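These are the residues of each chain, in order.
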There are 2 protein chains.
Amino acid sequence: MNTHDLIRELREESTSKIVLLVADGLGGLPMTPGGRTELETARTPNLDACAAAGTSGLSIPVLPGITPGSGPGHLGLFGYDPLEFRIGRGILEALGINFAVGPNDVCVRGNFTTLGSDGKITDRRAGRPTTERCIEIVEKLRTIQVTGAEVFVEPVKEHRFVLVFRGEGLGDVVNDTDPQVAGVLPLLAQGADPASRKTAGLVNEFIAKANVVLADEFPINGATLRGFAKKPAIISMQGLYGLRSAALAVYPMYKGLARLAGMDILDAGDSLNSQMAMLKKVWNEYDFFFLHYKYTDSTGEDGNFPAKVQMIEKLDAAIPQIRELNPDVFIVAGDHSTPSKMKSHSWHPVPTVIVADTCRTDGLTEFGESACLRGGLGQFEAKHLMLLAMAHAGRFGKYGA
Amino acid sequence: MNTHDLIRELREESTSKIVLLVADGLGGLPMTPGGRTELETARTPNLDACAAAGTSGLSIPVLPGITPGSGPGHLGLFGYDPLEFRIGRGILEALGINFAVGPNDVCVRGNFTTLGSDGKITDRRAGRPTTERCIEIVEKLRTIQVTGAEVFVEPVKEHRFVLVFRGEGLGDVVNDTDPQVAGVLPLLAQGADPASRKTAGLVNEFIAKANVVLADEFPINGATLRGFAKKPAIISMQGLYGLRSAALAVYPMYKGLARLAGMDILDAGDSLNSQMAMLKKVWNEYDFFFLHYKYTDSTGEDGNFPAKVQMIEKLDAAIPQIRELNPDVFIVAGDHSTPSKMKSHSWHPVPTVIVADTCRTDGLTEFGESACLRGGLGQFEAKHLMLLAMAHAGRFGKYGA
């Protein structure tokens, strides 16, 4: 029996509330063998109190050894098998800027680039223009029309934009045109099947016309594309779990992911404080709250161990504001690890703690990678986290007689 | 490769013996955070000795967060994936009273009820009649005939009976007629597909005739039905593992489950002592012995923490009688947790210990939820327990060259 069918069969009405706090890239590594990780170094009295009150463990985002991007990392936490449901970058970017993606849309992330007189890329980010300049350039690109489909151009930030082709029968198995290095020509789009060849034709037409439109806009005189993607068919959190679900995220990509899972995207401002203020404000209106905290990941990506420690401590300080609301189930998790030592996402299992009245305590008094190894949740697949959340929330009936 | 195909490929002849002692609802919770569970509170020198001699761990009955009924809980322990093999309540009840369920049978559990003059239910259990009275009423119902099928009525206990419709092409996707509350009319049976609509027709005909037959039997003047089910196609333990298998259970439902798995159901009396006496008596006749102990579950369901502790101690005291027989593999497990704190089955992983000469010891000296977290079996899916049993029993060959 399929897990989603099982969930729909067992779920029951309840007024209980679940808070899932995702500290992006939470897991880490010690800088030297035998040392402490970022989380173990940080002073985290509130996370430690969660570990003492609840049950801890380590989540495996996809499979042992598999490092996820933000998409699969979050899908797993929301209970969608990341090997079954795949989300292209283009879709994430489009959802993140609140673009109403439809079923006939192929979305792709664009970068403005600087091209030399020979057409080769000289700067992959076009000198990092301001976002204002990005918007101006996008306005010019909006004059472009392509044959037999609609095209939408949307600014994101600095050198980044989103391109959406809308038309019947467009496929998304199209290569990135971004060669990922300077000094070479942007790549031609090619489709892997008839529907995707149709898309590739539109892409090449658009880029050719964009090169003309941008001819005099140096250093923004070219564009590369990556992550062609259509919207996958994903049942909403409400449809799956019966949870009225709200996302309180600051960054576009995470709002986009939450939107894909059918959550309401609330205006959570741009800080933990504004996220907490919104959480309190809408507390009575939802059953499930997804809170996203980015800075544990970005500092890890920067390889800045002390900054990641500091960001963890900042998050820790906000936790009492959540617990004061008395959620029936409070979970702190991460979508993947981002060890400062590696300056990148990694596959290492991610510390996780569930706090609920029905927790079997495991004797832990601190929250960290080593402690979680001895936790009651053991090591588990991230896609099973929501099953535990639903169980602890009293939202599942019994399976079978 | 399907696990059952693998088992049949690898299994080898042996004279080794396996005892699986299932303490129903064994796992628990502390009543207050940081406290001890029922099992941790109980004085269990014999279980502790098993932990010291063997390898312990925690079984996950179905999936994290999924609370099983007795059916899925036991199927998993017997090595049948509980998400693949589903057993309806009607089947369990019928097997439990030793009814020879055939492939054309649809079974359902019945409750005698009291109906008011308006036909509405006034007592869902008809004043809990004696079992003698139940048998008398069943005799009267046996006069009823339905169109185009056979019908069997069997007494169970007090207000409970089993009804079996036997005929070609009967489906079992029929709603319960028991509305689960008093003050309303019993529900009409409806089938979800043509075969099940045929069954529903027989059901409604039977109930209409029963209402006439019982008209003067107040307070037993109605009946409700729930858990329509056909017998699932399950390979026997003998066919799967090559184990001559015996069940020593006291309660009907567990005999029924064992019968479904093709075990011989022995007359184990009504106590641990009689179970142990029968175990000794038939020791040379079987390879696999399923011993079921109910009271760890029923006391948990009652929310009676001290009683559950006492029942665990009582079970512990019986264990030397099993170990004296020198089984090659001795396993103590549970089909699910039943924390007194929750007064119900739960999803929490269940303490499990395997004792065999080939055990890798894990340093544990006590048997309990927290200790098992550090056990050598880790946390594992219950459906894998029999693989370990077969391996420790020397009954599996090598997989692949």
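Summary of the structure given here. This structure is a prediction, so every number in the text was calculated from the model and none was measured.

### A short note on the environment of A:Val19
All names here are of chain A. Within the secondary structure, Val19 is located in strand S1 (residues 18-23). When the C-alpha positions of Val19 and Arg125 are compared, they lie 38 Å apart, and in sequence the two are 106 residues distant. The contact partners of Val19, leaving out residues within four places of it in the chain, are Trp283, Phe289, Leu291, Ile322, Pro327, Val329, Phe330 and Ile331.

### Structural notes on helix H3 (residues 45-53) of chain B
All names here are of chain B. Buried within H3 are the following residues: Leu47, Asp48, Cys50 and Ala51. Seen along its axis, H3 keeps its buried residues to an arc of 155°; they face one direction. Where H3 is buried, its residues touch helix H2 (38-41), strand S2 (55-60), helix H12 (305-323), strand S11 (329-333) and strand S12 (350-356).

### Description of the relation of the copies chain B and chain A
Between chain B and chain A, the superposition needs a rotation of 124° and an axial shift of 0.1 Å, giving an RMSD of 0.3 Å. Taken together, the rotation and translation describe the operation of a three-fold axis. Nearest to the rotation axis, the C-alpha of B:Arg374 is located 4.0 Å from it, this being the minimum over chain B.

### Details of empty space enclosed by the protein
All chains considered together, the criterion is met by two cavities of 30 Å³ or more. Approximately 40 Å³ is the volume found for the largest cavity. Lining the largest cavity are A:Tyr399, A:Gly400, B:Gly71, B:Pro72, B:Pro82, B:Phe85, B:Arg86 and B:Ile87. Here the residues of the lining of the largest cavity are counted per class, giving five nonpolar, two polar and one charged. Space inside the second largest cavity adds up to approximately 30 Å³. The class makeup of the residues in the lining of the second largest cavity is one nonpolar, one polar and four charged.

### Concerning the interface of chain B and chain A
Each side of the interface is counted separately: chain B has 34 residues, and chain A has 27 residues. Across the chain B/chain A interface, buried area totals approximately 2,400 Å², and carbon plus sulfur atoms make up 60% of it. Viewed at the interface, chain A and chain B are joined by one salt bridge. Here B:Arg86 ties to A:Glu9 by a salt bridge, and the two come within 2.6 Å at their closest N and O atoms. At the boundary of chain B with chain A, the tally comes to 15 residue pairs in polar contact (both at pLDDT 80 or more). Breaking the side of chain B that touches chain A down by element, the ones donating at least two residues are helix H4 (70-78), helix H5 (89-96) and helix H13 (369-373) of chain B. A per-class count over the side of chain B that touches chain A returns 17 nonpolar, 13 polar and four charged.

### Topic: the pairing of strand S6 (residues 160-166) of chain A
Residues and elements named next belong to chain A. With five of seven residues buried, S6 is to be regarded as a mostly interior element. Across seven bridges, the pairing between strand S3 (residues 105-115) and S6 is antiparallel. Each residue of the ladder has a partner; that of Val106, found in S6, is Phe165. As defined by bridge partners, strand S5 (residues 150-157) adjoins S6 across seven bridges and the pair is classed as antiparallel. If you follow Pro155 over to S6, its bridge partner there is Phe161. Connecting the antiparallel pair S5 and S6 is a turn made up of two residues, with Glu158 showing a positive phi of about 50°.

### Concerning the sheet that holds strand S13 (residues 378-381) of chain B
All names here are of chain B. If you trace the eight strands from one edge of the open sheet to the other, you get S9-S8-S10-S1-S11-S12-S2-S13, paired in mixed fashion. Taken across any chain shown, the strands that pair with only one partner, and hence form the sheet edges, are strand S9 (264-265) and S13. Bridge count between strand S8 (residues 245-248) and strand S10 (residues 288-293): four bridges; the pairing is parallel. Bridge pairing in S10 links Leu248 to Leu291. Relative to S12, H3 is tilted by about 65°, and along the sheet it contacts S2, S11 and S12. Most of the contacts of H12 go to strand S1 (residues 18-23), to which it runs at about 175°, and overall it touches S1, S10, S11 and S12.

### Quick look at the side chain of B:His74
All names here are of chain B. Relative to the helices and strands, His74 resides in helix H4. By relative accessible area, His74 is classed as buried at 0%. Of note is the side chain of His74, whose polar atom sits 3.4 Å from the side chain of Asp335. The contacts of His74, once residues within four sequence positions are left out, are Val22, Asp24, Tyr254, Leu257, Phe290, His292 and Asp335.

Parameters at a glance
- Residues numbered from 1 in each chain as written.
- Chains lettered and ligands numbered in written order.
- Predicted model: local features only at pLDDT ≥ 70, side-chain atom pairs only at ≥ 80, totals over all residues.
- Heavy atoms only, no water.
- Helix = DSSP H or I, 4+ residues; strand = E, 2+ residues; numbered from the N terminus.
- Contact = heavy atoms within 4.5 Å.
- Buried < 20%, exposed > 50% of the residue type's maximum accessible area, 1.4 Å probe, protein only.
- Arc of directions from axis to C-beta.
- Least-squares fit on C-alpha atoms with pLDDT ≥ 70 in both.
- 1 Å grid on protein atoms, 1.4 Å probe; cavity = no way out; pocket = protein on both sides within 12 Å on 5 of 7 lines; lining within 4 Å.
- Points joined across faces, edges and corners; volume = space filled by probe spheres on them.
- Nonpolar A, V, L, I, M, F, W, Y, C, P; charged D, E, K, R; others polar.
- Buried area = accessible area lost by both parts, 1.4 Å probe.
- Salt bridge = Lys/Arg side-chain N within 4 Å of Asp/Glu carboxyl O.
- Polar contact = N/O pair within 3.5 Å; in protein donor to acceptor, adjacent residues only side chain to side chain.
- Pairing = 2+ DSSP bridges.
- Axes fitted to C-alpha atoms, helices over the stretch in contact; angles between N-to-C directions.

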